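Coordinates in review
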Amino acid sequence: ISIFTFINTGIVFANSSVIPEDAEEISLVAKYIDKPKVNEIIIGETKIAMASFSGFISSSGNLNEGFIDCQITAYAAPGRGFSCGFAQMENVSGYCVMKDKNNDSIVAKLECSSGATVSTDVRCEGRLDFMSGTGKYSGVNGTARLHMEQIFTVGESSIEFLGWWRLPAKNL
């Protein structure tokens, strides 16, 4: 019984997002401007793609009315019967550049994975790590939970994240 409690507690803490004292919360939603541009290679039942997409940011805060541009690599393979019935598994990684309306920018690393079923709109879940920036975002660091469309099965066409960042240049 104590082993189960330990594992269960670990899962709860791994999924919670604690904002450090010297950081602030960031919440962003961006709608894709167009469908992602996808260059697909199919090897047997496996798909590999280089993709890019851009979105208009419509959230409150520093990045409101800005843009996000992402260049990613996606890998999709058929799901397995024991894998919750997923018809397709997808792993995505790459980089995004976010620019505010003053042209200050942030570079972030994106990673997510998902599975698609025939009857459910499953999205790519993962993380975004803020790596560098210009202007008011110089020295930015932080992380966010990511929720976005799958590259191979685009639906609503949006990217969302919620997390925290530190903006050292803001205090200068």
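Everything below is about the structure shown above.
Description of the structure in this document. (Residues numbered from 1 in each chain as written. Predicted model: local features only at pLDDT ≥ 70, side-chain atom pairs only at ≥ 80, totals over all residues. Heavy atoms only, no water.)

Focus on the overall build of the chain
- When its secondary structure is counted, the chain shows 1 helix and 9 strands.
- Per-residue burial for the chain yields a buried fraction of 38% across its 172 residues.
- Considering only intrachain contacts with a sequence separation of at least 6, the fraction spanning at least 24 residues in the chain is 54%.
- Just so you have it, the chain exposes about 9,900 Å², and 56% of that area is on carbon and sulfur atoms. (Helix = DSSP H or I, 4+ residues; strand = E, 2+ residues; numbered from the N terminus. Buried < 20%, exposed > 50% of the residue type's maximum accessible area, 1.4 Å probe, protein only. Contact = heavy atoms within 4.5 Å. Areas by Shrake-Rupley, 256 points an atom, 1.4 Å probe, with all protein chains shown as cover.)

Regarding unusual backbone geometry
- Not every positive phi belongs to a glycine, and Glu65 is a case in point at roughly 65 degrees.
- Considering the arrangement of structural elements, one finds Glu65 in the loop between strand E3 (46-57) and strand E4 (67-78).
- The exposure class of Glu65 is partly exposed, given its relative accessible area of 43%.
- You will see that Asn103, though not glycine, has its phi angle at about 75 degrees, which is positive.
- Following the sequence through the fold, Asn103 ends up in the loop between strand E5 (88-99) and strand E6 (105-116).
- For Asn103, a relative accessible area of 53% corresponds to the exposed category.

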